[in-house]
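# Commentary on secondary and tertiary structure
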There are 2 protein chains.
Amino acid sequence: MTYGTSIPPGEALTALADPTRRAIVEKLARGALPVGELADGLTVSRPAVSQHLKVLSDAGLLTVTPHGTRRLYRLAPEGVAQLRRYLDRLWDDALSNFAAEAERRAASKEP
Amino acid sequence: MTYGTSIPPGEALTALADPTRRAIVEKLARGALPVGELADGLTVSRPAVSQHLKVLSDAGLLTVTPHGTRRLYRLAPEGVAQLRRYLDRLWDDALSNFAAEAERRAASKEP
DNA sequence: ACTTACGGTAAGTTGTGACTTACGGAACAT
DNA sequence: ATGTTCCGTAAGTCACAACTTACCGTAAGT
C-alpha cells in the first residue's frame, strides 16, 4: 500500500513554473534552510519568499519543521517523485504510440 | 553524441503549468493529431489551441509535420526526457542531502 | 517585563498570459 | 477559376498571479 498525499501533478507543475520558486527549490535540494536565508541571495522580498513557500508546500513539494523561532523548509522527495511518475507515464505512452504508428505506417504502403 | 536543442527546462515547466496545455499534451501522448481534432473535446476555441501549440513547440515538447492542408502535432520524446533529467537531478540532490543531514544529526548528540 | 529576531498574513498595485473575434493565406476539390 | 477547408496571426479584453509595504503574532535573549 503506497500512501502518498496524492496531490494532482498540476499543482506541482504550476508551482515549478515560476523562476523564483525554481530557484528556491534548487537551493533546498542542496540543504534545508530557514526563510531568511532563502530570501538572501534572491532578488525578491522576504514576504514574497514566504508566499512562494506556501505555494510549494501546498503542491506537496516542501515540508516544514519549526525549530525555535525559525521554520526549516526542506524538499519533499515524494513530491518530486510524483512529478517524475507523471512524466514517466507521458514518456511511456508517447513511445508506445510511436511504435504503433510506425507499425501502421509499415502496413499501408504510403505514410 | 546526443544532440538535443537544449531548451532550458523552465520553458517546458511553464508550458505544462497550464491545464489546457496539459490536456493537449496528454491527448498527443496517445497519438498525433491535427489542430482541429485537438480543439474538439477541448473547451476553448481553435485559435486558442493554436496559441497553446506554439508555446508547447517553443518549449521543445512538440513537433509538427505538415500533411496536405493540415498539420500533425506529435509529442517530442526528447522534450519530455529533458524534464525527466531535471527532476532526476533534483531528486538525487535531495536524497544525497538527506543522507548528509542524517549523518550530521547522528554526529552531534541532539537533532 | 521589554526588546529583538523571525516569519506569516492583509491589502493594494501591476504586468502578463489565456482567451475571444476577426482576418488572411495555403492546399485540395470541383 | 472559385469555393472550401484547415490553420496561423493580429488586436483587444480581462482575470489572475507575483510583487510591494505594513502589520501582527510568537519565541528567545537580557
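Residues numbered from 1 in each chain as written. Chains lettered and ligands numbered in written order. Predicted model: local features only at pLDDT ≥ 70, side-chain atom pairs only at ≥ 80, totals over all residues. Heavy atoms only, no water.

In the vicinity of DNA strand C, 22 residues are found, and the nearest of them are Ser50(A), Arg71(A), Tyr73(A), Ser45(B) and His52(B). Protein-adjacent atoms of DNA strand C, using a 4 Å cutoff, are sugar or phosphate at a proportion of 65%. In this structure, Tyr73(A) approaches DNA strand C through a side-chain N or O atom, which is 2.7 Å from a phosphate oxygen. A distance of 3.1 Å separates a base oxygen of DNA strand C from a polar atom in the side chain of Gln51(B). (Near = heavy atom within 4 Å. Polar contact = N/O pair within 3.5 Å; in protein donor to acceptor, adjacent residues only side chain to side chain.)

Right, let's get into the relation of the copies chain B and chain A. In this structure, two copies of a chain are linked by a rotation about an axis accompanied by a shift along it. Laying chain B over chain A is done by rotating through 180° and shifting 0.0 Å along the axis; what remains is an RMSD of 0.0 Å. Such values leave the two copies arranged in the relation of a two-fold axis. Most of the interface of chain B is mirrored in chain A, where 100% of its interface residues again form contacts. (Least-squares fit on C-alpha atoms with pLDDT ≥ 70 in both. Contact = heavy atoms within 4.5 Å.)

What follows concerns the protein's contact with DNA strand D. Near DNA strand D, the surroundings consist of 22 residues, among which Ser45(A), His52(A), Gly36(B), Ser50(B) and Tyr73(B) are the closest. Protein-adjacent atoms of DNA strand D, using a 4 Å cutoff, are sugar or phosphate at a proportion of 61%. At 3.2 Å, a side-chain N or O of Gln51(A) approaches a base oxygen of DNA strand D. For the surface near DNA strand D, the leading source of residues is helix H4 (residues 46–58) of chain B, giving five residues. (Helix = DSSP H or I, 4+ residues; strand = E, 2+ residues; numbered from the N terminus.)

Here the focus is the packing of helix H1 (residues 9–17) of chain A against helix H1 (residues 9–17) of chain B. Remark: H1(A) packs on H1(B), axes separated minimally by 8 Å, with the N-to-C direction vectors making an angle of 135°. Classified by the angle between their axes, H1(A) and H1(B) sit oblique to one another. Crossing of H1(A) against H1(B): the hand is left-handed. For the pair H1(A) and H1(B), the contacting residues are Leu13(A), Thr14(A), Leu16(A) and Ala17(A) in the first and Leu13(B), Thr14(B), Leu16(B) and Ala17(B) in the second. Of the residues in the contact of H1(A) with H1(B), the class split is six nonpolar, two polar and no charged. (Axes fitted to C-alpha atoms, helices over the stretch in contact; angles between N-to-C directions. Parallel < 35°, antiparallel > 145°, perpendicular 65-115°, else oblique. Left-handed = near helix turned anticlockwise from the far one by under 90°. Nonpolar A, V, L, I, M, F, W, Y, C, P; charged D, E, K, R; others polar.)

Moving on to the interface of chain B and chain A. Listed as interface residues are 33 residues of chain B and, on the opposing side, 33 residues of chain A. Both sides together, the interface formed by chain B and chain A hides about 3000 Å², and carbon and sulfur atoms give 67% of it. Of all residues in chain B, the largest losses of buried area upon contact with chain A belong to Arg84(B), Leu87(B) and Trp91(B), amounting jointly to 19% of the total for that side. Our count for the contact surface shared by chain B and chain A stands at two salt bridges. Among the ionic pairs, Arg84(B) bridges to Asp88(A), the shortest N-O distance being 2.6 Å. On inspection of chain B and its partner chain A, the count reaches six residue pairs in polar contact (both at pLDDT 80 or more). (Buried area = accessible area lost by both parts, 1.4 Å probe. Salt bridge = Lys/Arg side-chain N within 4 Å of Asp/Glu carboxyl O.)

Residue and element names in this part refer to chain A. What the three strands build is an open sheet, ordered S1-S3-S2; its pairing is antiparallel. Looking at strand neighbours, the two that pair on one side only are strand S1 (33–34) and strand S2 (62–67), the edges of this open sheet. Bridging between S2 and strand S3 (residues 70–75) involves six bridges; their strand directions are antiparallel. Within the sheet, the bridge partner assigned to Thr63 lies in S3 and is Arg74. Relative to S3, helix H2 (residues 19–29) is tilted by about 90°, and along the sheet it contacts S1, S2 and S3. In this fold helix H4 (residues 46–58) packs onto S2 and S3, with an angle of close to 120° to the strand it touches most, S2. (Pairing = 2+ DSSP bridges.)

Next up on the list: the packing of aromatic side chains. The geometry of an aromatic ring pair is captured by two quantities: the separation of the ring centres and the angle between the planes. Counting across every chain of the model gives zero aromatic pairs over all chains. Its guanidinium or amino end placed over the ring of Trp91(B), Arg84(A) lies 4.6 Å from that ring's centre, counting from NZ or CZ. (Phe/Tyr/Trp six-rings, centres within 6.5 Å; stacked < 30°, edge-to-face > 60°. Lys NZ or Arg CZ within 6 Å of the ring centre and 35° of its normal.)

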